[in-house]
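# An overview of the molecular structure
So the chains spell out like this:
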Amino acid sequence: MPGRGRRRRRRPLAGLGFAVKDLFDVAGHPTTYGNPDWARTNPPAAATAPVVRSLLEAGASLCGKTKTVELAYGLTGENVWYGTPLNPAAPDRFPGGSSCGSAAAVAAGLVDFALGSDTGGSVRIPASYCGVFGIRPSWGAISLAGARGLGPSFDTPAGSPAIPRCWPGSARCCCRRMPVPRPSARC
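It should be emphasised that the depicted structure is a prediction, and the values quoted were computed from it without experimental measurement.

How each quantity is defined
- Residues numbered from 1 in each chain as written.
- Predicted model: local features only at pLDDT ≥ 70, side-chain atom pairs only at ≥ 80, totals over all residues.
- Heavy atoms only, no water.
- Helix = DSSP H or I, 4+ residues; strand = E, 2+ residues; numbered from the N terminus.
- Buried < 20%, exposed > 50% of the residue type's maximum accessible area, 1.4 Å probe, protein only.
- Contact = heavy atoms within 4.5 Å.
- Phe/Tyr/Trp six-rings, centres within 6.5 Å; stacked < 30°, edge-to-face > 60°.
- 1 Å grid on protein atoms, 1.4 Å probe; cavity = no way out; pocket = protein on both sides within 12 Å on 5 of 7 lines; lining within 4 Å.
- Points joined across faces, edges and corners; volume = space filled by probe spheres on them.
- Nonpolar A, V, L, I, M, F, W, Y, C, P; charged D, E, K, R; others polar.
- Arc of directions from axis to C-beta.
- Pairing = 2+ DSSP bridges.

## Some remarks on the overall build of the protein chain
Assigned secondary structure in the protein chain consists of five helices and four strands. Written out in order from the N terminus, the α and β elements of the protein chain read β-α-α-β-α-β-α-β-α. Residues classed as buried in the protein chain amount to 44% of the 187 residues present. Partitioning the contacts of the protein chain with sequence separation of at least 6, the portion at a separation of at least 24 is 68%.

What follows is the structure, given as structure tokens:
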């Protein structure tokens with residue numbers, strides 16, 4: 001039989017769709033960073049951000065980019081240039097935070113999970129406003145290469161999973177192997 005004896009590579013995110021905040025590079029597409037001047041003065045991305053590439057290699061399907069506040073700087077989710085995403089949980093209220101489009105896409109059921117970034121609540125705030133989970137990994141656990149940031153010493157890729165069980169699989173695909181620190185004897 002063809003393929004007999006060969007092990008198939010497990011693709012833990014096969015069948016799941018995701019979106020990324022419009023500050024992560026996707027090869028061949030502009031990264032607007034929520035600002036038309038940024039989009040106009042920067043060429044389309046030459047490469048896909050490693051975190052996005054990891055999710056694709058794990059079998060997830062990229063459905064598109066989501067709106068972000070201008071230059072990822074804001075807590076309400078408003079973007080005067082591209083519009084404010086609708087908060088599916090409370091349409092008369094702001095979606096909150098710079099990863100507002102990611103949380104709104106998950107809350108609306110458009111994707112299974114979404115990738116955002118979090119500096120001071122940019123994923124967690126919109127997740128709470130839109131009624132979904134927002135997860136911020138430890139700083140440095142996931143590479144922010146290929147993304148525009150706000151505060152490099154605080155920024156980290158983060159996410160909003162629609163189904164809590166899909167986040168561990170996506171996190172395992174993106175996280176670097178890091179040594180576990182030993183507790184101090186003084187603790």
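## A look at the packing of aromatic side chains
How two aromatic rings sit relative to each other is set out by the distance from centre to centre and by the angle between their planes. Throughout the structure, instances matching the rule amount to two aromatic pairs. Centre to centre, the rings of Phe 18 and Phe 113 are 5.3 Å apart; their planes meet at 5°, and the pair counts as stacked. Residue Phe 18 is located in strand E1 (residues 17-21), and its partner Phe 113 is located in strand E3 (residues 113-118); the two are separated by 95 residues in the primary sequence. Like Phe 18, the residue Phe 113 is buried in the burial classification. Judged by centre distance (5.0 Å) and plane angle (70°), the ring pair of Tyr 33 and Trp 38 falls under edge-to-face.

## Things to note about empty space enclosed by the protein
Tallying each qualifying case throughout the model produces two cavities of 30 Å³ or more. Taken as a whole, the largest cavity spans an internal volume of roughly 50 Å³. Lining the largest cavity are Lys 21, Leu 23, Ala 72, Ser 98, Ser 117, Thr 119, Ser 122, Leu 144, Arg 148, Gly 149, Leu 150 and Asp 155. Across the lining of the largest cavity, the residue classes tally to four nonpolar, five polar and three charged.

## Points about helix H2 (residues 50-57)
Along H2, the positions that sit buried rather than exposed are Val 51, Val 52 and Leu 55. Viewed end-on, H2 has its buried residues packed into an arc of 100°, placing them on one side of the element. Count one or two residues on from H2 and you reach Gly 59, which has phi positive near 105°.

## Side note on the pairing of E1
Taken across its five residues, E1 has five buried, putting it largely inside the fold. Across five bridges, the pairing between E1 and strand E2 (residues 61-66) is parallel. Of the residues in E2, the one forming a bridge with Val 20 is Lys 65. Bridging between E1 and E3 involves three bridges; their strand directions are parallel. Paired with Val 20 across the two strands is Leu 115, which belongs to E3.

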